[in-house]
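# Breakdown of the fold
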Amino acid sequence: MSGFVEKPEPVRVPGLTHLHTGKVRDLYRNASGELVMVASDRISAYDWVLPTEIPGKGRVLTQLSLWWFDLLADIVPHHVLRTEVPEGAPADWEGRTLICRSLRMIPVECVARGYLTGSGLAEYERDRTVCGLALPEGLEDGSELPAPIFTPATKAEVGEHDENVSHEEVARRVGADTAARLRQTTLAVYSRAREVARERGIILADTKFEFGFLDSGHPDAGTPAAEDANDLVGGGQDLILADEALTPDSSRFWPADRWEPGRAQPSFDKQFVRDWLTSPASGWDRTGERPPPELPAEVVERTRDKYVEAYERLTGVSWS
Ligand code: ATP
Ligand code: MG
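Now for a quick tour of the structure. (Residues numbered from 1 in each chain as written. Chains lettered and ligands numbered in written order. Predicted model: local features only at pLDDT ≥ 70, side-chain atom pairs only at ≥ 80, totals over all residues. Heavy atoms only, no water.)

## Overview of the overall build of the protein
- Scanning the protein from N- to C-terminus turns up six helices and 19 strands.
- Compactness check: the protein gives a C-alpha radius of gyration of 19 Å against a globular reference of 20 Å for 320 residues, within 12% of the reference.
- In terms of its C-alpha atoms, the protein occupies a principal-axis envelope of roughly 50 × 45 × 40 Å.
- When the 320 residues of the protein are sorted by exposure, 52% land in the buried category.
- Long-range pairs, those at least 24 residues apart, make up 65% of the contacts in the protein with a sequence separation of at least 6. (Helix = DSSP H or I, 4+ residues; strand = E, 2+ residues; numbered from the N terminus. Rg over C-alpha atoms; globule rule 2.2 N^0.38 Å. Buried < 20%, exposed > 50% of the residue type's maximum accessible area, 1.4 Å probe, protein only. Contact = heavy atoms within 4.5 Å.)

## Focus on the site of ligand 1
- If you check the shell around ligand 1, you find 16 residues, and the closest are His20, Lys23, Arg25, Arg101 and Glu210.
- At a separation of 2.8 Å, a nitrogen atom of ligand 1 approaches a polar backbone atom of Arg101.
- Note that an oxygen atom of ligand 1 is positioned 3.1 Å from one of the side-chain N or O atoms of Lys155.
- When the free accessible area of ligand 1 is taken as 620 Å², the share hidden by the protein chains comes to 88%.
- Contributing elements (two or more residues each) for the shell around ligand 1: strand 3 (25-29) and strand 9 (103-105).
- When its residues are assigned to classes, the shell around ligand 1 shows five nonpolar, five polar and six charged. (Near = heavy atom within 4 Å. Polar contact = N/O pair within 3.5 Å; in protein donor to acceptor, adjacent residues only side chain to side chain. Areas by Shrake-Rupley, 256 points an atom, 1.4 Å probe, with all protein chains shown as cover. Nonpolar A, V, L, I, M, F, W, Y, C, P; charged D, E, K, R; others polar.)

## Here's the deal with the nonpolar core
- In this structure, Leu182, Phe211 and Leu295 are the most contacted members of the largest nonpolar core, which totals 64 residues.
- Other than its neighbours up to four places away in sequence, Phe211 contacts Val76, Met105, Ile106, Cys110, Leu182, Thr185, Thr186, Leu239, Ile240, Leu241 and Ala242. (Core = buried A, V, L, I, M, F, W, Y, C linked by side-chain atoms within 4.5 Å.)

## Structural notes on the sheet that holds strand 7 (residues 80-82)
- If you walk across this open sheet you meet the five strands as 2-3-4-8-7, and the pairing is antiparallel. The open sheet terminates on both sides in strands that have one partner only, identified here as strand 2 (17-21) and strand 7. Direction aside, neighbouring strands of the sheet carry axes that sit 35 degrees apart on average.
- Relative to strand 4 (residues 35-39), strand 3 is paired through five bridges, and the arrangement is antiparallel. Within the sheet, the bridge partner assigned to Leu27 lies in strand 4 and is Met37.
- Each of strand 4, strand 7 and strand 8 (97-100) touches helix 1 (residues 57-71); the most contacted strand, strand 8, lies at about 40 degrees to it. (Pairing = 2+ DSSP bridges. Axes fitted to C-alpha atoms, helices over the stretch in contact; angles between N-to-C directions.)

## Looking at the pairing of strand 2
- In this sheet, strand 3 lies alongside strand 2 in antiparallel orientation, the contact comprising four bridges. Opposite His20, over in strand 3, you have Leu27 as the bridge partner.
- Once strand 2 ends, the chain turns through three residues before running back antiparallel as strand 3.

## With respect to the sheet that holds strand 1 (residues 3-4)
- In space, the three strands of this open sheet follow the order 1-6-5, with mixed pairing throughout. Across the chains shown, the open sheet's two edge strands, defined by having one partner strand only, are strand 1 and strand 5 (44-45).
- With two bridges connecting them, strand 5 and strand 6 (residues 48-49) associate as antiparallel partners. Of the residues in strand 6, the one forming a bridge with Ala45 is Trp48.

The structure is reproduced here in structure tokens:
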């Protein structure tokens, strides 16, 4: 079992059409056809959206994403147009709302990995490959890979794991040209971001990007990706970096000074949450059917501090 303990009701705002409630973000379309992405304070762990929010998380992650979009703009254009709160929307949307170009999304989760862990580790232990790419012997949980690899996945429904797919499968779905450009752009952006993070004491172990094409006239623009693969070949159009970028929700951030291959690495942001949920104190069984319980105030506080610390370390700006 997994997913929401209780799926939140979307906020009704005149002039905005609610499109989707994701695990963490709420999506709307405005009257101009732009996409309005609002990051909530929801947090997920072990495939569950927890019943307790982390105050300020939505703002921290939105500001971090914006900082990365700007920093990476010389490698790839991004989808953010403006950041104002739409008229009639709650004032607390301030700082966590992005008005974006509505793109024709490419239905591939573009994952780059520089280190072995998670689903990559599971495949490696079975086959000595990740997404079909052969890797050397002797790697363990948390090992740095000889070079970053592109390990695409297809998006799963809420509560299901994304499925890793081979580069050939991506090419089959979106065309060889688009597949090659997804790979090249994903690796270029990851490599740059990982250098920046490393200078600031953070290992960017892996990350996931989503890209789209400009297609203002497309009737489905802005809805979760269309099924028809033939329709998705980019025909040489520029890839646009969409969704969120390089936040702890889309990436694994590890404190560099505590990196030690051969065990699960402490995660920068969710470690307190995971530790508490799996401790006897929570009384929760992550393998069972029951949803996770509310987090204690102390865990909330320390987790919030970690998100703020990640933002401050990376950007060099104090959160205030
Ligand atoms: P999860 O909680 O697992 O991430 P989700 O992906 O369904 O679930 P969100 O990430 O909140 O939930 O939803 C964002 C959705 O918006 C995704 O379907 C994403 O592909 C899409 N999206 C992001 N940017 C754009 C854009 N510029 N144009 C159109 N769709 C976009
Ligand atoms: Mg998503």
